[in-house]
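# Examination of the molecular architecture
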Amino acid sequence: MNEVSIINIGDELLLGQVVNTNASTMSKMLTGAGFDVANVTVVGDVREDIERSLDQAIPHSDIVLVTGGLGPTKDDITKKLICDYFHSELVESEVALENVKRIFASRGYELTPVNRAQALVPRCCEVLNNDLGTAPCMWIKHGDGILVSLPGVPFEMEWLMRNRVIPKLQEELHTDCIINKNILTQGIGESFLSDLIEPWELKLPECIRLAYLPSAGLTKLRLTARGRHEEADKLRKAVDEAVEGLYKIAGQYIVGEDCETLDELVHKTLIERHLTLATAESCTGGNIARLLTAQAGASAYFRGGVVAYSNEVKESLLGVRHETLAEHGAVSEETVREMAEGVRKRLGSDLAIATTGIAGPDGGTPEKPVGTVWIAVADASHTEARLLQFGANRRQQNIDRSTNQAFAMLIRLICQKH
């Protein structure tokens, strides 16, 4: 079992100016590849603090991964620090220099002395070429351990992890066989789900570990089977049997498998079934469309969306009748049904989602308090609407819960009728 320590360097991470997505991305990739992430440390651009983090991580970890501080500016101190830490010296790497020259030539820039210095690396390291940037990835073997220094730019780091670092780690070190299975549940809270499946959970074989991963309006169950590579078929069979047993107990709440999120599940389902979708959003403010179009390939099914905040837009663009709004109001079953049916017809899609509600923290009334949301999904022959009462004035949470509820309703409609 190979333990990994991650050290993410950058004042911007400590100050909260930049969200540290590198930690979660690296942990997910490493865990999926059979490595154990023991700890994650965030440290500023202070030499003494970085050295202290290395002192703590290196003796207790088989692998230490460091991100950040490899740029050409004066605050980027990681490369020189690592060089000193391992009693090495900076030398110009031919591999790194050719990569810097290639990138500058492709962009039509002149190579300056400052940027040429990107090719300086500790003599003790092996350079893993960074095809997406000028900062080199440095692999250092020390005793029984390995230290890898990567750039902090997220897309460069992720590419290097996937194409350089993890393959090399797997080649040099023994890793366990790990099989992960995600089950997405919706319509039941985490604690109620735990009570429901407790008898099943207690009977899981020792090789399988269960994790509850709740988010707004969604609980993901992750089954992880771990063992020797020669046991892979046995592990897969154990997971399959466990999933079969879970469906017998909680099948009514399961909306999908093998996806991280509901928007990923919707994306996958619409592409596989060759269906198109349009959205009409009021209280979710375009969040549904944003999540879907963030995924590559969404143009295969997403026809478009209307963020209809005002009643005038609901009438003019979606065809909601003036009488409906006057009699029932914008937050009503009648309105959300007409929104869904209107956007589906006007954008020519197979399916539609509509949302209208009071996200908060203001705008509620005794009859329709904050957290009141109507959601509808529609196809050519059927429209289903549902009232949700979240009972909370946390705006983003209400938006996220409404979004996941809408995705779950759409998935269920597709599975029932398409």
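## Remarks on the overall build of the protein chain
Scanning the protein chain from terminus to terminus reveals 15 helices and 17 strands. Dimensions of the protein chain along its principal axes, counting C-alpha atoms only, are 80 × 55 × 40 Å. By the burial criterion, 50% of the 418 residues in the protein chain qualify as buried. Pairs at least 24 apart in sequence give 67% of the contacts found in the protein chain among residues at least 6 apart. Accessible surface for the protein chain amounts to roughly 19,900 Å². Of this, 50% is attributable to carbon and sulfur atoms. Charged side chains of the protein chain number 43 positive and 58 negative; the gap between the two group centres comes to 4 Å.

## Quick look at a nonpolar patch on the surface
Together, Leu 14, Leu 15, Val 40 and Val 42 make up a nonpolar patch on the protein surface, roughly 350 Å² of accessible area in all. Of note, Val 40 is situated in strand E2 (residues 36-43).

## Describing the side chain of Asn 182
Looking at where Asn 182 falls in the secondary structure, it is placed in strand E9 (residues 177-185). In this structure the side chain of Asn 182 is engaged in a polar contact, spanning 3.1 Å, whose partner is the side chain of Glu 260. Once residues lying within four places of it in the same chain are set aside, the contact partners of Asn 182 are Lys 220, Leu 221, Arg 222, Gly 256, Glu 257, Asp 258, Cys 259 and Glu 260.

## Considering the packing of helix H2 (residues 21-32) against helix H7 (residues 154-172)
Viewed as axis vectors pointing N to C, H2 and H7 meet at an angle of 25°, and their least axial separation amounts to 11 Å. One finds that H2 runs roughly parallel with respect to H7. Where H2 crosses over H7, the two elements pack in a sense that is right-handed. Residue-level inspection shows Thr 21, Asn 22, Thr 25, Met 26, Met 29 and Leu 30 of H2 in contact with H7, the latter providing Pro 154, Met 157, Glu 158, Met 161, Arg 162, Ile 166 and Leu 169. Split by residue class, the contact of H2 with H7 holds eight nonpolar, three polar and two charged.

## Focus on the sheet that holds strand E17 (residues 383-389)
Read across the open sheet, the five strands follow the order E14-E13-E15-E16-E17; overall the sheet is mixed. The two strands at the open ends of the sheet, each matched to only one other strand, are strand E14 (302-307) and E17. Averaged over all pairs of adjacent strands, the angle between their axes in this sheet comes to 10°, without regard to strand direction. Pairing of strand E13 (residues 277-281) with E14, which is carried by five bridges, proceeds in the parallel orientation. The residue of E14 that forms the bridge with Ala 280 is Val 306. Against the sheet, helix H14 (residues 333-347) makes contact with E13, E14, strand E15 (351-357), strand E16 (372-378) and E17, and its axis sits at roughly 145° relative to E15, the strand it touches most.

## Quick look at the side chain of Ser 5
The topology assignment puts Ser 5 in strand E1 (residues 3-9). A distance of 2.5 Å separates the side chain of Ser 5 from the side chain of Ser 61, its partner in a polar contact. If near-sequence neighbours (up to four positions away) are discounted, Ser 5 is found in contact with Asn 39, Ala 57, Ser 61, Ile 63, Val 64 and Leu 65.

Scoring rules and cut-offs
Residues numbered from 1 in each chain as written. Predicted model: local features only at pLDDT ≥ 70, side-chain atom pairs only at ≥ 80, totals over all residues. Heavy atoms only, no water. Helix = DSSP H or I, 4+ residues; strand = E, 2+ residues; numbered from the N terminus. Buried < 20%, exposed > 50% of the residue type's maximum accessible area, 1.4 Å probe, protein only. Contact = heavy atoms within 4.5 Å. Areas by Shrake-Rupley, 256 points an atom, 1.4 Å probe, with all protein chains shown as cover. Lys, Arg positive; Asp, Glu negative; His and termini not counted. Charge placed at Lys NZ, Arg CZ, Asp CG, Glu CD. Patch = residues over 30% accessible without salt bridge, like charges linked within 9 Å, V, L, I, M, F, W, Y side chains within 5 Å. Salt bridge = Lys/Arg side-chain N within 4 Å of Asp/Glu carboxyl O. Polar contact = N/O pair within 3.5 Å; in protein donor to acceptor, adjacent residues only side chain to side chain. Axes fitted to C-alpha atoms, helices over the stretch in contact; angles between N-to-C directions. Parallel < 35°, antiparallel > 145°, perpendicular 65-115°, else oblique. Left-handed = near helix turned anticlockwise from the far one by under 90°. Nonpolar A, V, L, I, M, F, W, Y, C, P; charged D, E, K, R; others polar. Pairing = 2+ DSSP bridges.

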